[in-house]
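# What the coordinates show
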Amino acid sequence: MAQNRGLFPSFVGKSTKPVLARSGSFSRAAVFASLLLLVGLSGNVGTMQRRRLYQDMATHVQRDGLKLLEVGEGGKHNRFFQFKHGRLTPVLKRLSIPVRAVVIPLPDLKVTRLLETALRHRLGGIVPGELVWFQDTNIYHATIFHASSYEFPVVEDPGDVQKVQSVGSTICPLRVILEKIVVTSTGVIIACWQVAGGSEPATFRRSLKEVFEHAPSLKHQVIKSPWILHSTIARLVGTPPAESNSEARSKISALGTREKKKPETQHLDPTHIAHMADTLTSELCGLEMAIDNAWLVHEKDLLALALGGEYVKYDVPFLCKGAGR
């Protein structure tokens, strides 16, 4: 699906490669803020709620530091990843009751691949490539609502697809604009979006809660804020503290050869990571796309969309023809 350029001048969101922020007052971030004022979005409740939320999220990594999940070799792994032959590999956990989530896919591959390319470029001088898990650009998505979660599983109702599609018929297609790139203190790199047209995410979530009476409560929902619209684009992982010289010598002796040095993130500077996110924001904010559907996803493996596991998806078209909100 092509980018929707009707709302903004052609210089916003048109480039197919990262563009370095201009010096002075005319950075892409400044242009983006000015455009929001021009189209009347800056005073919108949803817009302001998201802006405050994204700004707060951006402070966490410098305030709290990086607390990355550690991944070891062979059988040593965290809940989601392990190293096999020096390569970061997902750990897939089969679920007895699938996680059922309503997500909004980001369909413009030109935009999603641009995000990945820019991120790879900026991360290259900071984090070893072996310690980054990049999301599949074909299924970038924003999670909206969980009808069943991992921590609060709910058995599927045969009418679930029809329920979601009935809600989708009342939702207006979205026009979204990239506002910010953020890195969380746990190393999740996310794209934060503003809604420039169509229905508010809060409206969609409220309607889904009404039709899924037995869904997890807000306490057990993965996404707590009704306003947020964000998509994970990559995850950083950590390595255990370096082995002592004696431990290393024992391994070398046992194997009869010197092991390849493992990548390490022990000295990763949160300030550098935060600066990288700010740079990407300056380069990419203002990218836009049109979205005309959601998915109801049944994840048979834990975090199947994120980790390349097995899932089934059902299309949920947005059929409202009005302006939404």
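All of the points below concern the structure found in this document. Bear in mind the structure is a predicted one, so any value in this text is a computation, not a measurement. (Residues numbered from 1 in each chain as written. Predicted model: local features only at pLDDT ≥ 70, side-chain atom pairs only at ≥ 80, totals over all residues. Heavy atoms only, no water.)

The subject of this paragraph is helix H7 (residues 270-284). For H7, built from 15 residues, the straight-helix expectation of 21 Å at 1.5 Å per residue is met to within 8% by its first-to-last C-alpha distance of 21 Å. Among the residues of H7, Ile 273, Ala 274, Met 276, Ala 277, Thr 279, Leu 280, Thr 281, Glu 283 and Leu 284 are the ones counted as buried. A positive backbone phi angle near 100° is found at Gly 286, which sits one or two residues after H7. (Helix = DSSP H or I, 4+ residues; strand = E, 2+ residues; numbered from the N terminus. Expected span 1.5 Å × (residues − 1). Buried < 20%, exposed > 50% of the residue type's maximum accessible area, 1.4 Å probe, protein only.)

Pairing analysis gives four bridges linking strand E1 (residues 81-84) to strand E2 (residues 87-90), with the strands arranged antiparallel. Looking at the pairing, Phe 81 lines up with Pro 90 of E2. Connecting E1 to the next strand, E2, in antiparallel fashion are two residues, including His 85 with a positive phi near 55°. (Pairing = 2+ DSSP bridges.)

It is at 10 Å that the axes of helix H4 (residues 160-168) and helix H5 (residues 201-211) come closest, and there the two elements cross at 145°. In terms of crossing hand, the pair formed by H4 and H5 is right-handed. Across from Lys 163, Val 164 and Val 167 in H4, the residues of H5 making contact are Phe 204, Ser 207, Leu 208 and Val 211. Taken together, the residues of the contact of H4 with H5 break down into five nonpolar, one polar and one charged. (Axes fitted to C-alpha atoms, helices over the stretch in contact; angles between N-to-C directions. Left-handed = near helix turned anticlockwise from the far one by under 90°. Contact = heavy atoms within 4.5 Å. Nonpolar A, V, L, I, M, F, W, Y, C, P; charged D, E, K, R; others polar.)

Our next topic: the packing of helix H3 (residues 109-123) against H7. Where H3 meets H7, the axes come as close as 10 Å, and the angle between the chain directions of the two elements is 140°. When the axis of H3 is compared with that of H7, the two are oblique. Crossing of H3 against H7: the hand is right-handed. Across from Leu 114, Leu 115, Ala 118, Leu 119, Arg 122 and Leu 123 in H3, the residues of H7 making contact are Met 276, Thr 279, Leu 280, Glu 283 and Leu 284. Split into classes, the residues belonging to the contact of H3 with H7 amount to eight nonpolar, one polar and two charged. (Parallel < 35°, antiparallel > 145°, perpendicular 65-115°, else oblique.)

Moving on to the packing of aromatic side chains. Aromatic ring pairs are defined here through the distance separating the ring centres and the angle between the ring planes. What the rule picks out here adds up to three aromatic pairs. Arranged with centres 6.1 Å apart and planes meeting at 25°, the rings of Phe 145 and Phe 212 form a pair that is stacked. Residue Phe 145 is located in strand E5 (residues 141-148), and its partner Phe 212 is located in the loop between H5 and strand E8 (230-236); the two are separated by 67 residues in the primary sequence. Each member of the pair, Phe 145 as well as Phe 212, carries the same accessibility label: buried. Measuring from centroid to centroid gives 5.6 Å for Phe 204 and Phe 318, while their planes differ by 85°, and the two rings are edge-to-face. Note that Phe 204 is positioned in helix H5 and Phe 318 in the segment after strand E11 (311-317), a separation of 114 residues in sequence. Residues Phe 204 and Phe 318 agree in their burial class; the two are buried. Taking the ring centre of Phe 134 as reference, the NZ or CZ of Arg 120 above it sits at 3.8 Å. We note Lys 313 situated over the ring of Trp 295; from NZ or CZ to the ring centre the distance is 4.6 Å. (Phe/Tyr/Trp six-rings, centres within 6.5 Å; stacked < 30°, edge-to-face > 60°. Lys NZ or Arg CZ within 6 Å of the ring centre and 35° of its normal.)

As a further point, take the pattern of salt bridges. A full pass over the atoms with the stated rule returns 10 salt bridges. Linked through salt bridges whose partners overlap, the residues forming this network are Arg 94, Lys 300, Asp 301 and Glu 310. (Salt bridge = Lys/Arg side-chain N within 4 Å of Asp/Glu carboxyl O.)

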